[in-house]
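# Overview (structure and organization)
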Amino acid sequence: MKMHETFIKPMHPEGRKFVAIFALVTLGLFMVWDVLGWIGAGLTVWCYYFFRDPERVTPERPGLIISPADGIVSLIEPVVPPAELGLPDTPLTRVSVFMSVFNCHVNRAPVAGSVKTVAYRPGKFLNASLDKASEDNERNGVVIEMADGRLLPVVQIAGLVARRIVCFVKPGASVGRGERFGLIRFGSRLDVYLPQGVAPSVRVGQTMVAGETVIAELDQ
């Protein structure tokens, strides 16, 4: 890896218009007062950093469930998946990964398979680290059917600052483990519901790396 690639990461196309807007505003601020201009320049760099989309090395061993997001594990608890996903009314272990505004916000598929369901539900914009955010906040759920027929739901949840959930996949699409499937703008959370009988390999407070950190193993 070249030295500049360590510090300068590629930007996801979704962020181009936002960086352009920040840059134009910054030019205007420089015309008003240099101090404001430099503040704007710092915010423009932060905006670029927010939409960074680094390459990840996804583990290839069969049976792994990978973190769909960068961030911190905020909750691990048994919960019935959202009703709009059309799944049985049976509690599953939910692993919640909270993303701050400083985390990379590109979301990656935790397993390989076929997209069975994509279900969007409007809602509130509470702090995504709160438990009730899973029920009350705007969200988008994706259910992936694995090769063995088991289903794995992953839910994108908007947060206090987030105002836009983006999903790149549609029902019937095939996804690979670690493949990009969406992003959320400016702070949010991802919930992964593990299949019955699968125990998490992570703990609350642990740092996750999307596409790389193992959340659980299907065949343990």
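Turning next to the overall build of the protein chain. Check the secondary structure of the protein chain and you find four helices and 13 strands. Expressed as a percentage of its 220 residues, the buried residues of the protein chain come to 46%. Of the roughly 10,900 Å² of accessible surface on the protein chain, 61% is carried by carbon and sulfur atoms.

Of the voids in this model, the largest pocket is the one considered here, and its volume is about 220 Å³. Contributing to the lining of the largest pocket are P81, L87, P88, T90, L92, R150, L151, P153, P195 and Q196. Classifying every residue of the lining of the largest pocket gives seven nonpolar, two polar and one charged.

Once that is clear, we can look at helix α2 (residues 16-32). For α2, which comprises 17 residues, the first-to-last C-alpha distance of 25 Å matches the rise-based estimate of 24 Å (1.5 Å per residue) to within 8%. Listed in full, the buried residues belonging to α2 are F18, V19 and T26. Buried residues of α2 fall within an arc of 95° about the axis and therefore sit on the same side. Structural note: α2 exposes R16, L24, L27 and M31 on the side pointing more than 90 degrees away from its buried face. Packed against the buried residues of α2 are α3 (34-50).

What follows deals with the pairing of strand β6 (residues 139-145). For β6, the tally of buried residues reaches six of seven residues, placing the bulk of the element in the interior. Where strand β5 (residues 113-121) meets β6, seven bridges bridge the pair, whose relative direction is antiparallel. Within β6, the position partnered with T117 by the bridge is V143. Here seven bridges tie β6 to strand β7 (residues 151-158), and the two strands are oriented antiparallel to one another. Looking at the pairing, V143 lines up with P153 of β7. Between β6 and β7, which pair antiparallel and follow one another directly, the connecting turn spans five residues, one of which, G149, has a positive phi of 90°.

The next thing to look at is the sheet that holds strand β4 (residues 106-108). In any sheet, the strands associate via hydrogen bonds between backbone groups, in a parallel or an antiparallel arrangement. Pairing is antiparallel across the open sheet formed by three strands, whose spatial order is β4-β10-β8. Looking along the sheet, the strands with just one partner apiece sit at the ends: β4 and β8 (165-167). Strand-to-strand twist of the sheet, defined as the mean angle between neighbouring strand axes without regard to direction, takes the value 25°. Direction of pairing for β8 relative to strand β10 (residues 180-184): antiparallel, over a ladder of three bridges. Across the sheet, I165 pairs through a bridge with I184, a residue of β10.

Across all of its chains, the model carries eleven salt bridges by this definition. A salt bridge links E84 to R139; the shortest N-O distance between them is 2.5 Å. Of this pair, E84 sits in the loop between β2 (71-79) and β3 (92-99) while R139 sits in strand β6; the two residues are 55 residues apart in sequence, bridging distant segments of the chain. We classify E84 as partly exposed; its relative accessible area is 27%. The residue D191 makes a salt bridge to R94 at a minimum N-O spacing of 3.9 Å. One end of the pair, D191, is in strand β11 (residues 188-193); the other, R94, is in strand β3, with 97 residues separating them in the sequence. There is no split in this pair, since D191 and R94 are both buried.

Calculation criteria
Chains are numbered independently. Their residues run from 1 in the order of the written sequence. In view of the model being predicted, local features appear only for residues whose pLDDT reaches at least 70, and side-chain atom pairs are presented and counted only at 80 or more, with totals across whole chains, interfaces and linings using the full set of residues. As a rule here, side-chain values come from all non-hydrogen atoms in the structure, and water together with hydrogens is ignored. Comment: elements are numbered from the N terminus, with helices defined as DSSP H or I runs of at least four residues and strands as E runs of at least two. To sort residues, take the accessible area from a 1.4 Å probe on protein chains only and compare it with the maximum for the residue type: under 20% means buried, over 50% means exposed, and anything in between is partly exposed. To measure how exposed things are, a 1.4 Å probe is used in the Shrake-Rupley method; for residues, cover is taken only from the protein chains shown. Lining residues are defined by having an atom within 4 Å of a point belonging to a cavity or pocket. Those points lie on a 1 Å grid over the protein atoms alone, cavities being sets where a 1.4 Å probe fits but cannot get out and pockets being open sets with protein on both sides within 12 Å along at least five of seven lines. Grid points are joined across faces, edges and corners, and a volume is the space filled by probe spheres set on the points. Throughout this entry, Asp, Glu, Lys and Arg are counted as charged residues, while Ala, Val, Leu, Ile, Met, Phe, Trp, Tyr, Cys and Pro are counted as nonpolar. The remaining residues, Gly among them, count as polar. To estimate the expected span of a helix, count its residues, drop one, and scale the result by 1.5 Å. By definition, the arc is the one covered by directions from the helix axis to the C-beta atoms. Two residues form a contact once any of their heavy atoms are found within 4.5 Å. A pair of strands is labelled paired if DSSP reports no fewer than 2 bridges between them. Axis lines are fitted through C-alpha atoms, for helices just across the contact stretch, and the angle between N-to-C directions can take any value from 0 to 180 degrees. Here a salt bridge means any side-chain nitrogen of Lys or Arg lying within 4 Å of a carboxyl oxygen belonging to Asp or Glu.

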